[in-house]
Amino acid sequence: MKRTLAVLLLLFLALNAAAQRPLDSAQLQLALQKLTVVGSALYIAAHPDDENTALLAYWSNDRLYRTGYLALTRGDGGQNLIGDEKGELLGVIRTQELLAARRIDGAEQMFSRALDFGFSKGPDETLAIWGHDRILADVVWAIRRFQPDVIVTRFPTTGEGGHGHHTASAILAVEAFKLAGDPTKFPEQLKYVTPWQPKRIFWNRFSFQPIDPNDPKVAHSLRLDLGAFNPLLGRAYTEMAAESRSQHKSQGFGSAERRGTTINYFDLLDEVGGGEPAASDLFDGIDVSWSRYAGGDEVGKLLQQASATFDPKAPEKSIPLLLDAMSMLDRLGARPEWSPKVHPWIEVKRNELLRVIAGCAGLAIDVSAADSSVVAGHDLKVSVNVINRSGYPFILQTVGSRYAAPSIAVGKTLKNNAPLKTDITIKVPADTPVSQPYWLRKPPLKGSFVVDEQELIGVPENPPALPIIVTLTDDKMHTLFYTVPAIYRWTDPVRGEQTRNVDVVPDVVTNVAGKVYLFPDAKPKQVVLRAKSFSGAGDSIVKLTVPEGWSVAPESVPVSFKEKGDEVRATFTVTPPKNESEGLAKASSLSLTDIEYPHIPAQRVFGDGTAKLVRIDVKKRGTRIGYIMGSGDEVPDGLRQIGYEVNMLTDDDLERGNFAGYDAIVAGVRAYNTRKRLKLDTPKLLEWVKNGGTFVVQYNTNGGLLLDSPGPYPFKVSNERVTVEEAPVTFLKPGHPLLNEPNKITPRDFEGWVQERGLYFTTDWDPKYETVISSHDPNESDKPGGELYARYGKGVFVYTSYDWFRELPAGVPGAYRLFANIVSAK
Ligand SMILES: [Zn+2]
């Protein structure tokens with residue numbers, strides 16, 4: 001069982017449903033050549049998007065190395081340009097975006113347990129929060145598991161990479177390079193892997209300006225042309241790179257396809273002693289053929305022969321050779337010095353070979369489940385369709401699953417182009433855990449995820465919940481095992497055939513309708529729970545528990561579901577205590593967030609079914625707010641919690657300029673990066689301010705601003721930020737309305753903030769603006785540009801780069817009082 005798990009994890013990337021499309025003849029030729037290469041390269045950086053996708057595409061498709069990208073984090077702490085997911089949910093999206101990118105450039109994706117806790121100004125802070133030894137262990141683990149010959153870092157160890165996570169990723173890579181081959185370091189890993197010493201580690205020079213090839217700084221750098229063209233694929237690596245990079249849609253990193261020579265520079269950071277230094281290439285002196293390993297020669301020769309004799313017009317002629325190579329690999333893998341623990345290559349190449357054989361035979365294995373979800377303890381019907389589009393006489397022997405013993409014996413020849421369908425019923429054991437992304441099963445520490453099983457550390461996503469094993473044989477004693485995950489297929493009228501993974505889910509999930517319930521006074525509020533059945537028709541009871549001092553009525557609500565997927569509502573009345581109080585309301589089961597975007601497979605993420613309750617006095621002025629949503633945030637709900645009626649302003653509303661009836665208009669985060677109409681229609685908003693309106697603009701990034709400054713007077717948006725969420729805040733004008741009306745603000749209102757104070761602060765503001773509060777990170781100068789206030793005509797304009805979009809959904813009490821004052825400003 002344990003070994004099965006290890007093998008599953010090794011095979012995991014290729015199991016991904018999206019990778020199952022049969023290879024075309026150009027891809028087959030490359031894949032055949034790749035079978036003869038046993039060299040590998042690992043790129044290390046900090047975040048989704050740090051990786052040099054051109055280099056990954058080049059290594060993987062030109063040099064045909066096994067190529068990996070180790071992103072230390074999943075990008076949880078960033079901003080989201082396509083929706084309102086933040087934190088761990090954003091990390092799930094970015095994980096899938098990286099996997100989508102890897103499907104294009106051909107590299108594999110790995111992670112560490114490090115959590116992206118937001119911007120960090122230095123590696124010391126980063127390493128302290130991540131836990132230096134913990135993440136170093138993970139980098140060593142990744143090296144031992146992947147066994148790269150060469151490692152390349154995106155960033156230098158010396159700080160020019162800016163972000164503390166960046167520099168820390170390079171520091172850890174260099175340290176791990178020294179330690180991974182030492183059996184006395186992290187010996188607990190040696191139960192699963194052997195020590196491994198890569199040959200060299202380089203820094204892949206980057207610069208915001210093009211590097212001059214005659215610059216003395218790069219006189220000793222090795223050079224690679226990543227703009228090289230691959231005639232089989234009809235693409236340059238820089239073209240593939242752009243397509244790959246454009247998968248980072250949540251970051252808005254759509255990229256242009258560059259053509260022509262693109263030189264990259266590589267500086268040696270460390271090298272193992274002995275042997276020649278690299279003079280012209282990163283891999284100088286490294287044998288990447290099978291002969292480098294004792295016993296590998298024979299299989300290498302056979303694979304060479306298969307590659308050399310491939311006929312794209314009759315690929316099936318290659319099958320007998322490839323089957324012999326598979327048998328030889330199997331025999332090699334049975335030797336102790338080639339066990340999966342010592343050698344990843346057997347599993348890697350066996351898996352590549354399975355794909356190549358399938359490609360040569362036009363073999364397709366569709367495993368379609370009747371549904372995309374199944375409750376532990378229940379049955380799931382699965383149809384397995386196997387088709388062979390060649391004359392090679394494969395026999396479909398068995399179709400099985402570890403949850404369907406014994407396997408179904410088929411024993412039929414797969415005739416050319418005649419599908420064979422086998423139905424199988426999977427009995428999912430009652431103790432199967434729900435399909436929660438493994439790194440989210442336990443609450444995280446401040447700087448890292450908690451993962452108990454060593455073998456899961458670094459794996460990009462959960463292994464498939466329900467893999468199906470299809471066994472093929474021929475009349476010459478060859479046996480092939482194809483492991484294919486059960487997936488759910490459906491046809492979308494616009495997008496065509498769609499698929500998603502099958503997840504193991506609880507009977508019932510219950511979501512509290514809101515994340516935060518603010519009680520600005522002692523009046524009760526209604527809290528709605530939405531319960532959804534995954535197990536079919538039946539009765540259930542929905543409960544809501546509240547913290548001490550709070551009360552809820554009724555205690556429970558009986559509900560009845562008509563069918564699987566049915567959703568019912570239950571309404572509770574929650575009464576707060578008289579005095580200030582905070583706590584969690586908890587539903588009686590797990591909650592569920594569905595993440596669905598067109599560029600990534602749909603994801604289910606379970607939560608603990610809680611919502612934050614906050615009883616704090618918040619006063620407000622006005623009743624109606626118009627909201628100009630930017631890239632997506634949850635601030636409108638925060639305003640509703642305070643008691644406002646919030647209407648979303650459409651482009652038409654902006655164009656008509658009809659803002660009558662609003663007490664304030666608020667621009668959402670990045671509205672001046674994303675809402676093109678604002679470029680034309682801001683004068684109408686300012687005219688409305690002149691006549692007595694209050695216009696509040698939240699943070700925008702300084703790149704791609706639609707207007708230099710959206711206010712009545714000029715200012716600049718910089719990339720200055722205050723990243724320490726506890727950074728002290730100074731009151732520059734204690735008597736100012738923003739600090740006094742209608743809520744009296746005290747330093748306590750800046751307590752309990754999450755992730756950071758604010759980002760993209762302003763500089764160079766016109767003296768007509770007033771600054772009211774100021775803050776800064778340790779050892780930096782004060783930054784008063786986080787919030788600007790100006791009277792304009794009869795109205796008020798406020799530009800605020802403080803972190804309302806994070807603090808309000810996190811239920812930070814002071815943030816509500818502060819933001820109420822901003823939208824109440826007169
Ligand atoms: Zn980064």
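The structure reproduced in this document is the subject of the present report. (Residues numbered from 1 in each chain as written. Predicted model: local features only at pLDDT ≥ 70, side-chain atom pairs only at ≥ 80, totals over all residues. Heavy atoms only, no water.)

1. Side note on the overall build of the protein
Stage number 1. Secondary structure summary: the protein contains 19 helices and 42 strands in total.
Stage number 2. Over its C-alpha trace the protein gives a radius of gyration of 29 Å, about what one expects of a compact globule, namely 28 Å for 826 residues.
Stage number 3. Each principal axis of the C-alpha atoms in the protein carries an extent, and together these give about 85 × 75 × 55 Å.
Stage number 4. Looking at the 826 residues of the protein, the share that counts as buried comes to 57%.
Stage number 5. Approximately 33100 Å² of the protein is accessible, and the part contributed by carbon and sulfur atoms is 52%. (Helix = DSSP H or I, 4+ residues; strand = E, 2+ residues; numbered from the N terminus. Rg over C-alpha atoms; globule rule 2.2 N^0.38 Å. Buried < 20%, exposed > 50% of the residue type's maximum accessible area, 1.4 Å probe, protein only. Areas by Shrake-Rupley, 256 points an atom, 1.4 Å probe, with all protein chains shown as cover.)

2. A short note on the sheet that holds strand β25 (residues 551-553)
Stage number 1. Within the open sheet, the four strands sit side by side as β21-β23-β27-β25. Their pairing is antiparallel. Bordering the open sheet on either side are β21 (508-512) and β25, each of which pairs with just one other strand. Between one strand axis and the next, the sheet turns through 30° on average, direction left out of account.
Stage number 2. Bridging between strand β23 (residues 525-533) and strand β27 (residues 567-575) involves eight bridges; their strand directions are antiparallel. (Pairing = 2+ DSSP bridges. Axes fitted to C-alpha atoms, helices over the stretch in contact; angles between N-to-C directions.)

3. With respect to the pairing of strand β32 (residues 624-628)
Stage number 1. Taken across its five residues, β32 has four buried, putting it largely inside the fold.
Stage number 2. Of the strand pairs in this sheet, β32 and strand β33 (residues 645-648) are connected by four bridges, and their pairing is parallel. From the neighbouring strand, Arg 624 faces β33, where its bridge partner is Glu 645.
Stage number 3. Once you follow β32 into helix α13 (residues 635-642) and on to β33, the crossover reads as right-handed.
Stage number 4. Direction of pairing for β32 relative to strand β34 (residues 664-667): parallel, over a ladder of four bridges. When the sheet's bridge partners are listed, Ile 625 is paired in β34 with Ala 664. (Right-handed = clockwise from strand over helix to strand, strands pointing away.)

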